Amino acid sequence: MLNRYRKSYEKIAMGLLSFMPQEKDLKVLQETIRKYDSDANWELYLYKKDDDYIGLIGFEKQEQQWIVRHISVDPSHRREGLGKLMVQQLAELDVTIQIKPCEVTEPFIEKCLNAKEEADMHV
Ligand SMILES: CC(C)(COP(=O)(O)OP(=O)(O)OC[C@H]1O[C@@H](n2cnc3c(N)ncnc32)[C@H](O)[C@@H]1OP(=O)(O)O)[C@@H](O)C(=O)NCCC(=O)NCCS
């Protein structure tokens, strides 16, 4: 289940964000978390399973689109469908909104969106 980010999750969020290729530098990482803390158009959600936070998805709100800026899953929980599930749950938060990738998240998000389109076609 997706949980809205709060300041008390900062360390967990930074740990998950650091799996993104562009977030390896501590200064960049701190700047990113500050952005999610301070910019009302940037929202971050953590995925909790049992008692652990094992995934993260963050996006920027732009009119009728949400641009996914970050998506990350703890390495020990990858290939279990969690990445796709987070994209699906994000889309369900507001069905009137279009989910879009940014340059860095494009390969995975496009894969999720294409899979959804194919599934919808078969309904
Ligand atoms: C990308 C990521 C979030 C996927 O999470 P996950 O929970 O393992 O994803 P799922 O189990 O839902 O989906 C797995 C599928 O995504 C594919 N995939 C994994 N990383 C991918 C990537 N960077 N680009 C495209 N596809 C990717 C897998 O090959 C697998 O494909 P298959 O279903 O055809 O076998 C995870 O690998 C991760 O945290 N990576 C590091 C952070 C990162 O690079 N984020 C940006 C990704 S563009």
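Per chain, the residues get numbers from 1 upward, laid out in the order the sequence is written. The predicted nature of this model means local features are confined to residues of pLDDT at least 70 and side-chain atom pairs, given and counted, to a pLDDT of 80 or more, with totals for whole chains, interfaces and linings taken over all residues. Hydrogens and waters are ignored; side-chain quantities use all the structure's heavy atoms.

> Could you clarify how one ought to interpret unusual backbone geometry in this entry?
With glycine set apart, most residues show a phi of negative sign, and most peptide bonds adopt trans. Positive phi values are uncommon outside glycine, yet Asp50 reaches one of about 55°. Assignment of secondary structure puts Asp50 in the loop between β2 (42–49) and β3 (52–62). Judged by relative accessible area, which is 68%, Asp50 ranks as exposed. A positive phi angle is found at Glu63, which is not glycine, with a value near 45°. Each residue is placed in one exposure class: buried if its accessible area under a 1.4 Å probe, protein chains only, is under 20% of its type's maximum, exposed if it is over 50%, and partly exposed if it falls in between. Residue Glu63 is classed as exposed on the basis of its relative accessible area, which comes to 78%. What counts as a helix is a DSSP run of H or I of at least four residues, what counts as a strand is a run of E of at least two, and both are numbered from the N terminus.

> Explain the pattern of salt bridges here, please?
It is possible for side chains bearing opposite charge to pair when their charged atoms get close. Any carboxyl oxygen of Asp or Glu within 4 Å of a side-chain nitrogen of Lys or Arg constitutes a salt bridge here. Under the counting rule described, the total for this entry stands at seven salt bridges. In this structure, Asp37 and Lys7 form a salt bridge, with 3.2 Å as the shortest nitrogen-oxygen distance. Here Asp37, found in helix α2 (residues 26–38), pairs with Lys7, found in the loop between β1 (2–4) and α1 (10–17); they are 30 residues apart in sequence, far enough to count as distant. The exposed category is assigned to Lys7, whose relative accessible area is 54%. In this structure, Glu43 engages Lys61 in a salt bridge whose closest nitrogen and oxygen atoms are separated by 2.7 Å. On the criterion of sequence distance, the pair formed by Glu43 in strand β2 and Lys61 in strand β3 is long-range, its members being 18 residues apart.

> Honestly, the confidence of the model for the protein in this entry has me stumped. Any pointers?
Should pLDDT be low for a region, the predicted coordinates there are not to be read in detail. Per-residue pLDDT for the protein has a mean of 95; in total, 99% of the residues score no lower than 70. By definition, pLDDT measures how confident the predictor is in each residue, and it falls between 0 and 100. Strand β4 (residues 65–73) holds the highest mean pLDDT among the elements of the protein, 98, whereas helix α4 (residues 106–121) holds the lowest, 87.

> Could you clarify how one ought to interpret the site of the ligand in this entry?
The cutoff for a nearby residue is simple: one of its non-hydrogen atoms must lie within 4 Å of the molecule or strand. The immediate surroundings of the ligand are formed by 18 residues, with Val73, Arg79, Gly81, Gly83 and Lys84 found nearest. Polar contacts, as counted here, are pairs of nitrogen or oxygen atoms within 3.5 Å of one another; within protein the pair requires one atom able to donate a hydrogen and one able to accept it, and residues that are adjacent in sequence qualify only if both atoms are side-chain atoms. Within the side chain of Arg79, one N or O atom sits 2.8 Å away from an oxygen atom of the ligand. With respect to the ligand, the backbone of Glu80 contributes an N or O atom lying 3.4 Å from an oxygen atom. Working definition of accessibility: Shrake-Rupley area with a 1.4 Å probe, residue cover restricted to the visible protein chains. Taking 850 Å² as the accessible area of the ligand by itself, protein coverage stands at 73%. Lining residues are defined by having an atom within 4 Å of a point belonging to a cavity or pocket. Those points lie on a 1 Å grid over the protein atoms alone, cavities being sets where a 1.4 Å probe fits but cannot get out and pockets being open sets with protein on both sides within 12 Å along at least five of seven lines. For a molecule to be placed in a cavity or pocket, more than half of its atoms must lie within 2 Å of the grid points of that cavity or pocket. When atom positions are compared with the pocket grids, the ligand is found to occupy the largest pocket. If you list the elements that add at least two residues to the shell around the ligand, you get β4, α3 (82–93) and α4. Residue classes in the shell around the ligand are distributed as nine nonpolar, four polar and five charged. In this count, Pro and Cys sit with the nonpolar residues alongside Ala, Val, Leu, Ile, Met, Phe, Trp and Tyr, while Asp, Glu, Lys and Arg are called charged and the others, Gly among them, polar.

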